[in-house]
Amino acid sequence: MKITRICLRFITASLIAILLLSMFSMLYKHTSPHVEPIANETFYRWEAGSFTSTMEEGFAWINMDENGYNNLKCFDSIDVLLMGSSHMKAIQISTEDTVASKLNEFLPYSTYNIGISGHSFIHCVNNLKSAIEVFKPSKYVIIETYNVSPELDEMNAVIGGQLVPNDGSDSGIKRLIQYVPAAKPILNQVLEWANSSSKNSVGGYSETDNITILSDQKRQLVLYSFLSIICDDVEGTGITPIIMYHPSETLSEDGSVQYKTNADDLKMFAKTCEDLGIIFVDMTPDFEKMYEEEHILAHGFINTAVGTGHLNKYGHKAIAERLAKVIGGEN
Amino acid sequence: MTLNSFHFVVYFVAFVVVLALLQLVRRKYEVVGKVQLILLLLFSYFFIYKSSWKFCVCVFAYTCFVYVVGLFAKKNKVVLTIGIIASILMLGYFKYTNFFISEFGRLFGSDTVTINIILPLGISFYTFSGLAYLIDIYRETYPAEKNFLNVALYISFFAKITAGPIVRGKDFFPQVKKYRGVELSAFAVGIQIFVFGLFKKIVLADHLGVFVDDVFFAPTAYNTATVIMAVISYSLQIYFDFSGYSDMAIGVAKIVGFDFKPNFNLPYIAKGMSDFWKRWHISLSSWFQDYLYIPLGGSRKGELRTYINLIIVMAVSGLWHGAGITFIVWGVLHGIASCISRVITKSGKAVGKGIDVLRTIATYIVVALLWVVFRASDFTNAWNVWKGMFTIHDGIFQPYTWSFFAIACLLVSTIMAVVRAKKNGEKFANGYYPILDLSKVIPLAIFFTFCGLTVLLGYFGNTAFIYGRF
């Protein structure tokens, strides 16, 4: 009898705690379950109109559009399609401040964003054809990248049509558990805690970590074949492809900003784009200017390490301004 | 493995379950109490082993040495001297050899050659525990411990080995002899203190560390307000880090049947430097007072000698904190500040609440400014931070939100603790630990929610304890 009473108390207290934590999680860190993409344009999308909150990196409370992507609205016809990773997903900032929204402000075109986490440049190129078929942009496709040194194996996998997509959508228990808002963030934190106990390291983008060292010539050949896929996918559609590169930043001891870019790779990437007729937009000079004139970094938030993590609203604005100039200048 | 690591929590839970199961049969078999103590010793060595087996060897060797010397130390100056010198030599070898080599090298302009020496886990803390044990036996504060296992547990006890508190033998051995085991009431209190400490560490201190590391790495990149905020943040980081560790140590000790005294007593409301050191890392401050300051003459040999003693003690304290010139200078500056504080206190006739508030603010400012030397990589770095604070200039503006959250937490908890302590007529603000009655549903729900929040808000990047390095 006594044990039953203790168990009942324990269960009641647990339920109250889960309720309180779920209320808090809805404000602090919440995403809805991932669902299947429309037709392999990405790995996943969110449920239509679902709510996302972020307070651990930046501050934002946003609702996804009817397609389950981060846009203020859906368009009947799309002029500019924006593809990319979590930088373009941009759940750390208000939807009004994203590159896509800013482009909609700056240009007389409809820009639609399908950025999602983990959908890096390699995957964007791999899924470009499907994305064009689904959204049918009429003028431009912009692909975001934070890396101009793609891994050789991955490029070859895309060329050979053998790239394994990430398992993005949630199903079964993984999906069910997310209907308790506190469950997913706490579970993720516990896993991170367990991992950090094994190794004390902070994640980040490294341009040099996984690069297979090959001769420049061979690398250029593979890169050429890889980027040619973009040209093949847009061929006959009247779409102009744009690749936008935003480098990761790091502060030096003397207060200057360094960009984690391999200069040779950047040069090779830009040259290959030029040869293929792809517009390549390198944000490095814009970020440099922004830091020199305003002491603002394009990445990082007031609740994270300086200059690390995702693009902030200043980074998005700078990118949008530059892209608007590039697109506007062409017309 | 540290007290805030996930692995420790898992192992500790399993260990407590074993102790609790033994507790069930303890009434029938008295010997079970001793088995529990042996298991505690084994778990302590397992805890050390998880860092390196070499550390186990160091701890065991030092334990044997302390045990043997302790048997003959009573009123025996020669034996005591051997014990002290050997302990200091051991500490000096592991901790300071490379420091002295590099400093001599720099002095004589030769190339620095470092020797590959391991720094055993918690060596600064268990050496001081051992020294206290030997000196106390010499002074006949308590007799030498005949049972080797008790001395072994005293030196290696997992809760305190990484970063203290430096528990005295007179507080520890009686608890070993009347070991109570794992009791539900103590468990309920201990787990709350542990989680409270974990919150301080992984939610507050570790988040603050991200910002502090950024600004101290490149202070010239930031504007004045941000540098000032970083200095304030560091003062909070080191407080939450170390007091959080102490809370965790006190909490786990309580769970397995030991009571440790509080190690912090709201240090940032101190009304002078001397008051600060009575509130900060109390077990270390009182160690220096009992075993260094008083033997040097304390304040009994005139004002000038008192000031010299204060500076010596603080300089040694600085050296104890780390093998580096910045730590020694930090200690000396604290010594000078303590002298000035003493002069002001002695000559000051003004009393009243307003003056007390001003003293508290002045003490905090001095302590925070001196933490810059403690945190800085070198003097140039410290100078750049100070310069960044006192010159108006442009730079990155980073109003780091965790700093504001930490300040709010500190203010609210301090006010609550002071009010509660005054109400209860307590010397220590024990109200700082929000001890709830976990036998009731609502307090239990609040506790579960707090546990969840601690995990949810925790930072799991670089989580090493600041004081764990010492």
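Enquirer: What should I look at first to understand the interface of chain B and chain A in this one?
Expert: Frequently, the measure chosen for interface size is the accessible area removed from exposure when the parts meet. With 40 residues of chain B at the interface, the matching set in chain A holds 39 residues. At the boundary of chain B with chain A, total buried surface from both sides reaches about 3,500 Å², with 70% on carbon and sulfur atoms. Of all residues in chain B, Phe-6, Leu-456 and Phe-460 of chain B give up the largest surface area on contact with chain A, accounting jointly for 21% of the area buried on that side. On inspection of chain B and its partner chain A, the count reaches zero salt bridges.

Enquirer: What am I meant to see in the pairing of strand β6 (residues 80-83) of chain A here?
Expert: For a regular strand, the rule is simple: side chains alternate between the two faces of the sheet. Residue and element names in this part refer to chain A. Of the two faces of β6, the one lined by Val-80 and Leu-82 and the one lined by Leu-81 and Met-83 are each fully buried. Looking at chain direction, β6 and strand β7 (residues 111-113) are connected through three bridges and run parallel. Bridge assignment links Leu-82 to a residue of β7, and that residue is Asn-113. Pairing analysis gives four bridges linking β6 to strand β8 (residues 140-145), with the strands arranged parallel. Along β8, the bridge assignment pairs Met-83 with Ile-143.

Enquirer: Teacher, can you tell me more about the sheet that holds strand β9 (residues 240-245) of chain A here?
Expert: Think of a sheet as strands paired side by side through backbone hydrogen bonds, with each pair either parallel or antiparallel. Residues and elements named next belong to chain A. An order of β7-β6-β8-β9-β12 is seen for the five strands of this open sheet, with the pairing classed as parallel. Of all strands in the sheet, those with a lone pairing partner are β7 and β12 (279-282), marking the two edges. On average, each strand axis in the sheet is inclined to that of its neighbour by 20°, with strand direction left out of account. As paired elements, β8 and β9 share six bridges and run parallel to each other. Note on β9: the bridge partner recorded for Ile-142 is Ile-242.

Enquirer: Teacher, can you tell me more about helix α8 (residues 169-177) of chain B here?
Expert: Every α-helix winds through 3.6 residues per turn, so residues three or four apart in the chain are directed the same way. All names here are of chain B. Residues of α8 that are buried include every one of Gly-169, Phe-172, Phe-173, Gln-175 and Val-176, and no others. Angularly, the buried residues of α8 cover 160° about the axis, an arc narrow enough to put them on a single face. Of the surrounding elements, those touching the buried residues of α8 are α2 (31-49), α5 (123-138) and α6 (148-156).

Enquirer: Looking at this structure, I do not really get unusual backbone geometry. What am I missing?
Expert: Leaving glycine out, the prevailing phi sign among residues is negative, and the prevailing peptide bond configuration is trans. We note that His-295 of chain A has phi near 55°; this positive angle belongs to a residue other than glycine. What makes His-295 of chain A partly exposed here is its relative accessible area of 24%. A positive phi angle, close to 55°, is found at Lys-75 of chain B, a residue other than glycine. Here Lys-75 of chain B is to be found in the loop between α3 (53-72) and α4 (77-107).

Enquirer: Whenever I open this one, the nonpolar core confuses me. Can you help?
Expert: Generally speaking, soluble globular proteins have nonpolar side chains that are buried together. Phe-157, Phe-158, Val-256, Phe-258 and Tyr-268 of chain B are the most contacted members of the largest nonpolar core, which totals 189 residues. Beyond its immediate sequence surroundings of up to four residues, Phe-158 of chain B is in contact with Leu-3, Phe-8, Phe-12, Leu-40, Phe-43, Ser-44, Phe-47, Val-252 and Val-256 of chain B. Phe-43, Tyr-112, Val-222 and Met-268 of chain A belong to the second largest nonpolar core, which has 48 residues in total.

Enquirer: I tried to follow the packing of helix α9 (residues 184-217) of chain B against helix α17 (residues 401-424) of chain B on my own but got confused; where do I start?
Expert: Packed helices, taken two at a time, are described by their axes: the angle between them and the distance between them. All names here are of chain B. Axis separation between α9 and α17 bottoms out at 9 Å; the angle between their running directions is 140°. Comparing their axes, α17 and α9 come out oblique. In this structure, the crossing between α9 and α17 has a hand that is left-handed. Here Phe-199, Val-203, Leu-204, His-207, Leu-208 and Phe-211 of α9 come into contact with α17, specifically with Trp-402, Ser-403, Phe-405, Ala-406 and Cys-409. For the contact of α9 with α17, the class distribution of residues is nine nonpolar, two polar and no charged.

Enquirer: Explain the sheet that holds strand β5 (residues 60-63) of chain A to me, please; I cannot follow it from the model alone.
Expert: All names here are of chain A. The strand order β1-β4-β5 describes an open sheet built from three strands, whose pairing is antiparallel. Here the strands that pair on one side only, and so sit at the sheet edges, are β1 (29-30) and β5. Bridging between strand β4 (residues 51-54) and β5 involves four bridges; their strand directions are antiparallel. Following the sheet pairing, Ser-53 is matched in β5 by Trp-61.

Enquirer: Would you take a moment to explain the packing of helix α4 (residues 121-135) of chain A against helix α8 (residues 216-234) of chain A for this structure?
Expert: Residue and element names in this part refer to chain A. Between α4 and α8, whose axes approach to 9 Å, the crossing angle comes to 15°. On the basis of the axis angle, α4 is roughly parallel to α8. The handedness of the crossing between α4 and α8 comes out as left-handed. Contact residues: Phe-121, Ile-122, Val-125, Leu-128, Lys-129 and Ile-132 in α4; Phe-226, Leu-227, Ile-229, Ile-230, Asp-233 and Val-234 in α8.

Enquirer: Before we go on, may I ask you to explain the environment of Glu-249 of chain A in this structure?
Expert: Residues and elements named next belong to chain A. When you line up the elements, Glu-249 lands in strand β10 (residues 249-251). Overall, Glu-249 belongs to the buried group, its relative accessible area being 3%. Counting along the chain gives 61 residues from Glu-249 to Asn-188, while the straight-line C-alpha distance between them is 27 Å. Look past the residues within four positions of Glu-249 in its chain and what remains in contact with it is Val-257, Gln-258, Tyr-259, Lys-260, Phe-287, Leu-297, Ala-298, His-299 and Gly-307.

Enquirer: Any chance you could explain the side chain of Ser-32 of chain A here in plain terms?
Expert: Residue and element names in this part refer to chain A. Following the sequence through the fold, Ser-32 ends up in the loop between β1 and β2 (34-35). Among the polar contacts listed, one links the side chain of Ser-32 to the side chain of Ser-50, at a separation of 2.9 Å. When residues no more than four places from it in sequence are discounted, the contact partners of Ser-32 are Trp-46, Glu-47, Ser-50, Phe-51 and Gln-178.

Enquirer: What is the right way to read a negative patch on the surface from this model?
Expert: All names here are of chain A. Taken together, the side chains of Glu-288, Glu-292, Glu-293 and Glu-294 define an acidic patch exposed on the protein surface. Here Glu-292 lies in helix α10 (residues 284-294). Taking the relative accessible area as the measure of exposure, Glu-292 reaches 63% and is therefore exposed.

Enquirer: Honestly, the side chain of Arg-168 of chain B in this entry has me stumped. Any pointers?
Expert: Residues and elements named next belong to chain B. Looking at the element boundaries, Arg-168 is found in the loop between α7 (158-161) and α8. The exposure class assigned to Arg-168 is buried, which follows from its relative accessible area of 8%. A polar contact is formed between the side chain of Arg-168 and the backbone oxygen of Ser-286, at a distance of 3.1 Å. Residue contacts for Arg-168: discarding those within four places in its chain leaves Ala-132, Tyr-154, Ser-283, Ser-286, Trp-287, Asp-290 and Tyr-291.

Enquirer: Please explain the pattern of salt bridges as it appears in this structure.
Expert: A pair can form between side chains of opposite charge whenever their charged atoms are brought close. Enumeration over the complete set of coordinates arrives at 22 salt bridges over all chains. A salt bridge links Glu-56 of chain A to Lys-29 of chain A, with the nearest nitrogen and oxygen atoms 3.3 Å apart. With a gap of 27 residues between them, Glu-56 of chain A in the loop between β4 and β5 and Lys-29 of chain A in strand β1 connect regions that are remote in the sequence. Owing to a relative accessible area of 32%, Glu-56 of chain A belongs among the partly exposed residues under this scheme. Its relative accessible area of 18% is what places Lys-29 of chain A among the buried residues. When salt bridges with common partners are traced through the structure, they connect Arg-180, Glu-183, Lys-254 and Asp-259 of chain B into a single cluster.

Parameters at a glance
Residues numbered from 1 in each chain as written. Chains lettered and ligands numbered in written order. Predicted model: local features only at pLDDT ≥ 70, side-chain atom pairs only at ≥ 80, totals over all residues. Heavy atoms only, no water. Contact = heavy atoms within 4.5 Å. Buried area = accessible area lost by both parts, 1.4 Å probe. Salt bridge = Lys/Arg side-chain N within 4 Å of Asp/Glu carboxyl O. Buried < 20%, exposed > 50% of the residue type's maximum accessible area, 1.4 Å probe, protein only. Helix = DSSP H or I, 4+ residues; strand = E, 2+ residues; numbered from the N terminus. Pairing = 2+ DSSP bridges. Axes fitted to C-alpha atoms, helices over the stretch in contact; angles between N-to-C directions. Arc of directions from axis to C-beta. Core = buried A, V, L, I, M, F, W, Y, C linked by side-chain atoms within 4.5 Å. Parallel < 35°, antiparallel > 145°, perpendicular 65-115°, else oblique. Left-handed = near helix turned anticlockwise from the far one by under 90°. Nonpolar A, V, L, I, M, F, W, Y, C, P; charged D, E, K, R; others polar. Polar contact = N/O pair within 3.5 Å; in protein donor to acceptor, adjacent residues only side chain to side chain. Patch = residues over 30% accessible without salt bridge, like charges linked within 9 Å, V, L, I, M, F, W, Y side chains within 5 Å. Areas by Shrake-Rupley, 256 points an atom, 1.4 Å probe, with all protein chains shown as cover. Lys, Arg positive; Asp, Glu negative; His and termini not counted. Charge placed at Lys NZ, Arg CZ, Asp CG, Glu CD.

Don't take any of this as a statement about function, it's just geometry.
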